[in-house]
Amino acid sequence: MTPFKLTKILNLKEHEKQKALHEYEEARTRFEEVAEKLYHFLKQKEDYEEQHKQQLQSGLAIQHIRSFQHFMSNLQRVIDHYQHLVMQARQHMELKQLKLVELNVEVKKYEKIKEKHDEMIAQQMRIAEQKQMDDISIQQYCYRETR
């Protein structure tokens with residue numbers, strides 16, 4: 001029985017796949033963290049706008065309105081920054097996902113080759129076993145005939 005000659009390559013590809021899976025998980029986690037922060041700032045902006053709207057109805061000093069507008073413009077800059085970070089994190093995550101898919105396909109190819117190799121070895125063993133059984137049968141027949 002011949003061993004599978006590509007075992008080392010298969011193991012290497014499986015290791016690369018596991019590494020790519022780990023990198024993808026890290027990228028996904030980073031994306032989720034940044035997206036949650038963006039959501040937090042968007043929610044905060046929405047809450048402050050609603051609160052300011054209610055305060056405007058009851059009357060506000062101009063200084064308060066100016067400080068609110070300054071605060072909101074700063075908050076919008078933070079939101080814009082996090083939107084950019086989310087886009088970068090999404091792109092990074094998608095690249096890692098593509099790499100993972102490619103490596104998964106490669107591993108599947110090598111596994112299929114190994115499976116065909118194993119089937120061929122099993123077939124050869126069945127043929128050899130059948131030959132051996134035929135030889136034994138012939139020997140038994142010859143032994144009976146000579147008696």
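Residues numbered from 1 in each chain as written. Predicted model: local features only at pLDDT ≥ 70, side-chain atom pairs only at ≥ 80, totals over all residues. Heavy atoms only, no water.

- An unreviewed UniProt entry lists the protein under the name Flagellar FliJ protein, from Anoxybacillus mongoliensis.
- You can read under Subcellular location (unreviewed entry) in the UniProt record for the protein the words "Cell membrane".
- Note on the protein: under the UniProt heading Sequence similarities (unreviewed entry), the record states "Belongs to the FliJ family." (UniProt positions renumbered as here; feature names shortened; annotations may be inferred.)

### Some points on the overall build of the protein
Next, step 1: Scanning the protein for helices and strands turns up two helices and zero strands.
Next, step 2: For the protein, the spread of C-alpha atoms along the principal axes amounts to about 125 × 25 × 15 Å.
Next, step 3: The proportion of buried residues among the 147 residues of the protein is 18%.
Next, step 4: By element, 55% of the accessible surface of the protein is carried by carbon and sulfur atoms, the whole surface being about 11900 Å².
Next, step 5: Of the charged side chains in the protein, 25 are positive and 24 negative, and the gap between their average positions amounts to 3 Å. (Helix = DSSP H or I, 4+ residues; strand = E, 2+ residues; numbered from the N terminus. Buried < 20%, exposed > 50% of the residue type's maximum accessible area, 1.4 Å probe, protein only. Areas by Shrake-Rupley, 256 points an atom, 1.4 Å probe, with all protein chains shown as cover. Lys, Arg positive; Asp, Glu negative; His and termini not counted. Charge placed at Lys NZ, Arg CZ, Asp CG, Glu CD.)

### Some words on the pattern of salt bridges
Next, step 1: Within the structure shown, the criterion is met by ten salt bridges.
Next, step 2: One salt bridge in this structure joins K99 and E23, with 3.9 Å as the shortest N-O distance. Highlighted residues: K99 in helix 2 (residues 62–146) and E23 in helix 1 (residues 7–58), separated in sequence by 76 residues.
Next, step 3: Where E25 meets R28, a salt bridge forms, and the shortest distance between an N and an O atom there is 2.5 Å. With E25 and R28 both in helix 1, this residue pair falls three residues apart, about one helical turn. (Salt bridge = Lys/Arg side-chain N within 4 Å of Asp/Glu carboxyl O.)

### A word on the packing of aromatic side chains
Next, step 1: According to the stated counting rule, one finds two aromatic pairs in the structure shown.
Next, step 2: Aromatic side chains F41 and Y82 sit 5.2 Å apart centroid to centroid with 40° between the ring planes, which places their arrangement in the tilted category. With F41 in helix 1 and Y82 in helix 2, the pair connects residues that are 41 residues apart, well separated along the chain. Each of the two residues, F41 as well as Y82, counts as buried. (Phe/Tyr/Trp six-rings, centres within 6.5 Å; stacked < 30°, edge-to-face > 60°.)

### Considering the environment of E94
Next, step 1: Summarising the element assignment, E94 is placed in helix 2.
Next, step 2: As a C-alpha pair, E94 and N11 span 83 residues in sequence and 25 Å in three-dimensional space.

### Digging into the side chain of H117
Next, step 1: Turning to its location among the elements, H117 is positioned in helix 2.
Next, step 2: You can call H117 buried: its relative accessible area is 14%.
Next, step 3: Not counting the four nearest positions on each side in its chain, H117 is found in contact with T2, P3 and F4. (Contact = heavy atoms within 4.5 Å.)

### Comments concerning the UniProt feature "coiled-coil region" (unreviewed entry) in the protein
Next, step 1: Using the residue numbers shown here, the UniProt feature "coiled-coil region" (unreviewed entry) corresponds to residues 10–37 and 93–120.
Next, step 2: Secondary structure across residues 10–37 comprises 100% helix and 0% strand; the distance between its end C-alpha atoms is 41 Å.
Next, step 3: In residues 93–120, helix accounts for 100% and strand for 0%; the two terminal C-alpha atoms are 40 Å from one another.

### Focus on the environment of K17
Next, step 1: Examined against the element boundaries, K17 turns out to sit in helix 1.
Next, step 2: Accessibility expressed as a relative area gives 23% for K17, which makes it partly exposed.
Next, step 3: Through-space distance from the C-alpha of K17 to that of K99 is 8.7 Å; in sequence the pair is 82 residues apart.
Next, step 4: If sequence neighbours within four positions are ignored, K17 has contacts with L100, L103, N104 and V107.
Next, step 5: Of note is the side chain of K17, whose polar atom sits 3.2 Å from the side chain of N104. (Polar contact = N/O pair within 3.5 Å; in protein donor to acceptor, adjacent residues only side chain to side chain.)

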